[in-house]
Amino acid sequence: TPTLWSHIAPLVDAAMASMFGSFGNLFASGPKLNYDVDKDFDVRAFGVWRHARARSKDNGDVVSVFTFVGDAQRDAQRLAIARHGVKRLKTLRHPNVLLMLDTMEIENGNEITIHIVTEAVTPLEVHLRDVPHGTQQREEYLTLGLREIATAVAFLSNDCRLVHGGVGMAAVVVTERLDWKLHGFDLCSELDSIGQGIHGDAKLIRGAFLVPDQYKPEEFRRGDWVSIPEGPSWAIDAWGLGCLIQEVFRGEGLRGTDQLREIDCIPQALLKDYQRLLGSQPARRYNPKKLIENAAWSANKLIETITFISTLALKDSIEKERFFGHLPRVLETLAKPPVEKKIMPMLSDALNFNQAPHHAILPMLIAAAEVPKEKYQKIVIPTILKLYESPDKMIRLDLLEHLTRYAEYVADGQVDDPLYERMSTGFTNPDSNVREMTLKGVLQIVPRLSERVLGASLLKHLSKLQIDEDPAIRANTTICLGNIARYLSEATAKRVLLNAFTRALKDAFPPARLAGLMALEHTTQYYEPSEVSGRLLPALSPLMTDAHKDVRERSFVVAELYVESLKRHSVALERGADAAAAHVEAEQKRGHANAAKRAAGMLSWAVTMAANKIGGPDTDHTKVDLQSEALQAKSFSSSAPPPKLYGESPRTSTQNTPATSLAPSPAKAMTDAYEANRRNLQAVAEQVSSFAMDDDDDVDGWGDLDVVDPEEEAARSRLNSRTGASRLSSIPKSTSAASHESDGWGNDDDDLFEDMAAPAPKPVKPQQIGTSVGRPGGLSGARTSATVGHVGIGGVGRPPSGGS
């Protein structure tokens, strides 16, 4: 009825309006910029654009956004020029041209907004405010930047026959890696199209009003379009490049053409080229390509370093080795920002793409030494982790040698995996140098390893290394275990340590026995009194008549230490079982506290790769301190000659140059020590290895896996094959409940002094081996040993392996 309709009609109209309004808003929304845009920079951007930093809403990446807003009717010409600039920037690809990531055009009625999203950059004028004035390093850096822009202009002019038309400070931006890049291609036109004048479509003609007069050469200012194609393609942009040079060394934009005559700020090496760029006759203006080739202008360490790294693919191995040998010292002379922001990422990329040799690892770490942790973890750590997958032995040795430089920057979630997982492959490497360096390197990350990795993986590797064919590795394995003891759980430490250290006491290599004694001396808190009296002291007694003085003396010290402990326990027992238990607990707490205090220097390597020769009197050997400045120094010591340019021939003059040569790296020193004493070391290795470990070594807890590891069995076979004995020792398969441990140690308490006949030693020359002293027959495990000289915390050398 009419009355009813009069009531519901307003409701229907409102509903229809709401529905169609919603559809209208839906279709009118259009695309939106998916970035949070900051405020614009406070300097003039090129042409019609505004420049601001922005952050992606998706992944948080920082970018730059160039924006133009105009009316479709009133700003039609500017709009066409802006669209032309977008098209040119999208199609041009060059290392020194700004990289476009995305573009978007939004229409809102007559208002049109164009966004260009690029890599994160800073306007050159803003960037120069942060560059210190009045230093040689500033001039070197500015020269590098100008060279990059000249390269981009030469590419446009000579290779593409394009005219940029607006080269100047406003058209240059700087990336996070300090790369100078050219942008602002709104007026970029083909040279031939300019000759058509106003009848053609050259944007250089239609947008000439956007370029201030001081950036225009005379023919451009007059509008003599016909004569421009008759001159060289670089004539207009060469003038702009001259203006840019004046602005860069002045530190501010040009306000008038008269300022181009002020040459006080222009470096003398660049002055003639600067004047040629600003020649009044277009045909005589300097080609930017020749500016790049000016050797006198670009002869500085920064340009040479970056140029060499960028062309590594064209260099041979000798050039690379020489370059990276000098690079650590050269980096000290360069400004910190280019080193950290430019050279360090370039070295990282070169290593990632397998273009740089292992020598580049140390320069990269030196360059990154003071970068923020976030940036270090973003650039350096991924490269390091990737290099651990390389099969190159020298890369692995360099990574392990310099582990202290980057270990702290590895995120906690990456220590177990992938860092340790990839590093642990070195434990089974056929080269003994890699195995030993892995053994030493793992100590740097042990405090951050999880208990699962310590118990299930690391201890298993150490159990294999203590029967390694290389005696030095066997000794250092004991030292490593002594150092990581405080990071093991209480139950694991009590089950593993005594078994491991008592095995070391029966090793044929004197430093290994000494390492076992030292480890027992510094881990008293883990052993119950019953274990001390029943297992530890009986294992010590044979060493009191050892052929080596250091071993004998240390065994008496350790024995007295534990005997005194047992005396105190005996006194406590007189007061009852509870008092004795309390006494043991107090002793263990005191031992843990003392261990924490001396953790930094508790145990050092008993056998080092850089030690002196084995053999001869004790006084022939000096202790080697691995923490000394000589071994921890950079590739260039303070006494090294000053760096020289990479194009120069080696210096022959000794003026101002110390007589000493460059300090070798620790790895090089170690290798030289091996080669110099190879024959003597090999003879001693054969002698000390002729005394194979007794069969009962396996029942002291190191080899009681219920499945025999083939690698461990092979290692034991190789070791005992060198003895000349008629039989090979084997690894018993324990059936006890304790045999299910996965770390390679158990808690078997079988007799450590099972009678066995000593294998006959190989005959050796007297001049190679010292005295041979037989152990008294009443003590089991008798062995004959050579005098190996002084064995201290500094250590003695070890024989080279076949893989070194």
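Here is what the cut-offs are and how they apply
Residues numbered from 1 in each chain as written. Predicted model: local features only at pLDDT ≥ 70, side-chain atom pairs only at ≥ 80, totals over all residues. Heavy atoms only, no water. Helix = DSSP H or I, 4+ residues; strand = E, 2+ residues; numbered from the N terminus. Buried < 20%, exposed > 50% of the residue type's maximum accessible area, 1.4 Å probe, protein only. Contact = heavy atoms within 4.5 Å. Areas by Shrake-Rupley, 256 points an atom, 1.4 Å probe, with all protein chains shown as cover. Salt bridge = Lys/Arg side-chain N within 4 Å of Asp/Glu carboxyl O. Pairing = 2+ DSSP bridges. Axes fitted to C-alpha atoms, helices over the stretch in contact; angles between N-to-C directions. Parallel < 35°, antiparallel > 145°, perpendicular 65-115°, else oblique. Left-handed = near helix turned anticlockwise from the far one by under 90°. Core = buried A, V, L, I, M, F, W, Y, C linked by side-chain atoms within 4.5 Å. Phe/Tyr/Trp six-rings, centres within 6.5 Å; stacked < 30°, edge-to-face > 60°. Polar contact = N/O pair within 3.5 Å; in protein donor to acceptor, adjacent residues only side chain to side chain.

Considerations on the overall build of the protein chain
Move 1: Per the secondary structure count, the protein chain includes 30 helices and 10 strands.
Move 2: Looking at the protein chain residue by residue over its 804 residues, the buried ones come to 52%.
Move 3: Within the protein chain, contacts between residues at least 6 apart in sequence are counted, and of these 72% link residues at least 24 apart.
Move 4: Summing over all exposed atoms, the protein chain offers an accessible surface of approximately 36400 Å²; the carbon and sulfur share of this is 52%.

Quick notes on the environment of I306
Move 1: Structurally, I306 can be placed in helix α11 (residues 301-310).
Move 2: Separated by 162 residues in the primary sequence, I306 and L144 have C-alpha atoms spaced 9.1 Å apart.
Move 3: If sequence neighbours within four positions are ignored, I306 has contacts with L144, K342, I343 and M346.

Re the pattern of salt bridges
Should the charged atoms of two oppositely charged side chains come close, the side chains can pair.
Move 1: One pass over the structure, following the stated rule, counts 33 salt bridges.
Move 2: D412 serves as the salt-bridge partner of R448, at 2.7 Å between the closest nitrogen and oxygen. Separated by 36 residues along the polypeptide, R448 in the loop between α19 (432-441) and α20 (451-465) and D412 in the loop between α17 (403-406) and α18 (415-423) bring together distant segments of the chain.
Move 3: The class of R448 is partly exposed, set by a relative accessible area of 28%.
Move 4: Owing to a relative accessible area of 63%, D412 belongs among the exposed residues under this scheme.
Move 5: Between R435 and D468 there is a salt bridge, and its shortest N-O distance comes to 2.9 Å.

Concerning the pairing of strand β2 (residues 50-56)
Move 1: Most of β2 sits inside the fold, with 5 of its 7 residues counted as buried.
Move 2: Strand direction decides the pairing type here: strand β1 (residues 35-40) and β2, joined by 4 bridges, are antiparallel. Paired with V37 across the strands is A54, a residue of β2.
Move 3: Two successive antiparallel strands, β2 and strand β3 (residues 62-71), enclose a turn made up of 5 residues, where G60 displays a positive phi of approximately 80 degrees.

A word on the sheet that holds strand β6 (residues 121-123)
Move 1: The antiparallel open sheet is built from 3 strands, whose spatial order is β6-β8-β9. Pairing within the sheet leaves two strands with one partner each, and these edge strands are β6 and β9 (180-182). Strand-to-strand, the axes of this sheet are offset by a mean angle of 40 degrees, without reference to chain direction.
Move 2: Strand direction decides the pairing type here: β6 and strand β8 (residues 172-175), joined by 3 bridges, are antiparallel. Along β8, the bridge assignment pairs V121 with T175.
Move 3: With respect to the sheet, helix α4 (residues 136-159) is in contact with β8 and β9, its orientation differing from that of β9 by roughly 25 degrees.

Thoughts on the packing of α4 against helix α8 (residues 235-250)
Move 1: Packing of α4 against α8 leaves a shortest axis separation of 11 Å and a crossing angle of 165 degrees. Judged by the inter-axis angle, α4 sits roughly antiparallel to α8. Both α4 and α8 take part in a crossing whose hand is right-handed. Across the interface between the two elements, R138, E139, L142, T143, L146, I149, A150, V153 and S157 from α4 touch D237, L241, L244, I245, V248 and F249 from α8.

Observations concerning the sheet that holds β2
Move 1: Spatially, β1-β2-β3-β5-β4 is the arrangement adopted by the 5 strands of the open sheet, whose pairing is antiparallel. Unpaired on one side and paired on the other, β1 and β4 (100-108) mark the two borders of the sheet. Averaged over neighbouring strand pairs, the angle between their axes works out to 30 degrees when direction is ignored.
Move 2: On the sheet, helix α2 (residues 76-91) packs against β3, β4 and β5 (111-119) and is oriented at approximately 25 degrees with respect to β5.

Digging into the nonpolar core
Move 1: Counting residues in hydrophobic clusters, the biggest one holds 173 residues, and the most contacted among them are W180, L458, L520 and Y527.
Move 2: With 11 residues, α4 is the single largest residue contributor to this core.

Considerations on the packing of aromatic side chains
Move 1: Taken as a whole, this structure holds 7 aromatic pairs when the rule is applied.
Move 2: Each residue in the set F308, F323 and F324 is aromatic and connected to the rest through ring pairs, giving one cluster.

Things to note about the packing of α11 against helix α12 (residues 317-331)
Move 1: Following both chains from N to C, one finds α11 and α12 inclined at 140 degrees, their axes separated by 12 Å at the closest point. Judged by the angle between their axes, α11 and α12 are oblique. As for how α11 packs across α12, the hand of that crossing is left-handed. Contact with α11, carried on its side by K301, T305, F308 and I309, involves E319, K320, F323, L327 and V330 of α12 and no other residues of that element.

Topic: unusual backbone geometry
Move 1: The residue after D417, namely P418, is reached through a cis peptide bond having omega 20 degrees.
Move 2: Positionally, P418 belongs in helix α18.
Move 3: Of note, R161 is a non-glycine position whose phi angle comes to about 50 degrees, a positive value.
Move 4: Examined against the element boundaries, R161 turns out to sit in the loop between α4 and β7 (162-163).

Brief notes about the side chain of R513
Move 1: Within the fold, R513 resides in helix α23 (residues 510-521).
Move 2: Overall, the relative accessible area of 0% leaves R513 in the buried class.
Move 3: Among the polar contacts made by the side chain of R513, one reaches the side chain of D546 at a distance of 2.9 Å.

Focus: helix α9 (residues 268-277)
Since the α-helix turns once every 3.6 residues, residues separated by three or four places project in the same direction.
Move 1: When we look at burial in α9, the residues that qualify are L270, L271, D273, Y274 and L277.
Move 2: The secondary structure elements touched by the buried residues of α9 are α8 and α10 (288-292).

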